[in-house]
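# Observations on the model geometry
This is what each chain is made of:
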Amino acid sequence: MTTIADPRSPRTSVRRSGPNLEKWGWIYMRVSGVVLVVLIFGHLFINLMVGEGIHGLDFAFIAGKFATPFWQWWDVAMLWLALIHGANGMRTIVNDYVLNERTRKVLVWALWLSAGFLIVLGTLVVFTFDPCLGVENSTTEWLIEMCAAQ
Ligand code: HEM
């Protein structure tokens, strides 16, 4: 059996004034967890089970979803909630186990920077997605016709 060692550097950032960020982080993990269950299972159900299921999952399917504000917001909510949840969860683990203060700071910064970068990139992709971009190089008939009609 594998046993995970107890945290070696339990770091308590007790604030004497202002909001208790650790408490709000703790609450965020629970609330986002519940919302993510709905978003992730809804996502899997629609993408993999409805209609033709996984066999219908192709460029046209995704292009259709990204043309619909409802699915754009669904996916963006999933992206933001999951990335902040994942980064905050990893921050907890880093704070619990990384002994060297400098290394800890570098890792926590790297976590937020990478999460922030992916959030910006993903949000831009969802809201600026254009299926006709580069269509002149495409050989897919329906796509060429659809874009020509626009
Ligand atoms: C199905 C939806 C999810 C639920 C219900 C959920 C729930 C939770 C909860 C309640 C915690 C806090 C645990 C604690 O403080 O002891 C947690 C921690 C964590 N979650 Fe999630 N989560 C979900 C999805 C995700 C996703 C998509 C990611 C990655 C992007 C993720 C990464 C993490 C990490 C890294 C931690 C920290 C683990 C630790 O403290 O040991 N979770 N999750």
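Everything discussed here concerns the structure shown above.
Description of the structure in this document. Values in this document were obtained by computation on a predicted structure and should not be read as measured data. (Residues numbered from 1 in each chain as written. Predicted model: local features only at pLDDT ≥ 70, side-chain atom pairs only at ≥ 80, totals over all residues. Heavy atoms only, no water.)

## Regarding helix α2 (residues 59-66)
Every buried residue of α2 is listed here: Ala63, Lys65 and Phe66. Looking straight down α2, one finds its buried side chains confined to an arc of 160°; they lie on one side. (Buried < 20%, exposed > 50% of the residue type's maximum accessible area, 1.4 Å probe, protein only. Helix = DSSP H or I, 4+ residues; strand = E, 2+ residues; numbered from the N terminus. Arc of directions from axis to C-beta.)

## Comments concerning the site of the ligand
With respect to spatial proximity, the complete set of residues near the ligand consists of Met29, Arg30, Gly33, Leu36, Val37, Ala82, His85, Gly86, Gly89, Met90 and Ile93. Here arginine 30 contributes a side-chain N or O atom positioned 3.3 Å from an oxygen atom of the ligand. Residue histidine 85 places a side-chain N or O atom 2.8 Å away from a nitrogen atom belonging to the ligand. Taken together, the elements giving at least two residues each to the shell around the ligand come down to α1 (21-48) and α3 (69-97). The leading source of residues in the shell around the ligand is α3, at 6 residues. Its residues assigned to classes, the shell around the ligand comprises 6 nonpolar, 4 polar and 1 charged. (Near = heavy atom within 4 Å. Polar contact = N/O pair within 3.5 Å; in protein donor to acceptor, adjacent residues only side chain to side chain. Nonpolar A, V, L, I, M, F, W, Y, C, P; charged D, E, K, R; others polar.)

## Some remarks on the packing of α3 against helix α4 (residues 101-128)
In contact at an axis separation of 10 Å, α3 and α4 are set at 175° when each is read in the N-to-C sense. Considered as vectors, α3 and α4 are oriented roughly antiparallel to each other. Residues belonging to the contact of α3 with α4 are distributed by class as follows: 18 nonpolar, 5 polar and 2 charged. (Axes fitted to C-alpha atoms, helices over the stretch in contact; angles between N-to-C directions. Parallel < 35°, antiparallel > 145°, perpendicular 65-115°, else oblique.)

## Observations regarding the state of the cysteines
What makes a disulfide is a covalent bond joining the sulfur atoms belonging to two cysteines. In the structure shown here, the tally under the stated rule is 1 disulfide. Here cysteine 132 engages in a disulfide with cysteine 147; their sulfurs sit 2.1 Å apart. Measuring the twist about the S-S bond at about -90°, one finds the cysteine 132-cysteine 147 disulfide to be left-handed. With cysteine 132 in the loop between α4 and α5 (141-148) and cysteine 147 in helix α5, this residue pair connects regions lying 15 residues apart in the sequence. Per residue, the accessibility class of cysteine 132 equals that of cysteine 147, and both read buried. (Disulfide = S-S within 2.5 Å.)

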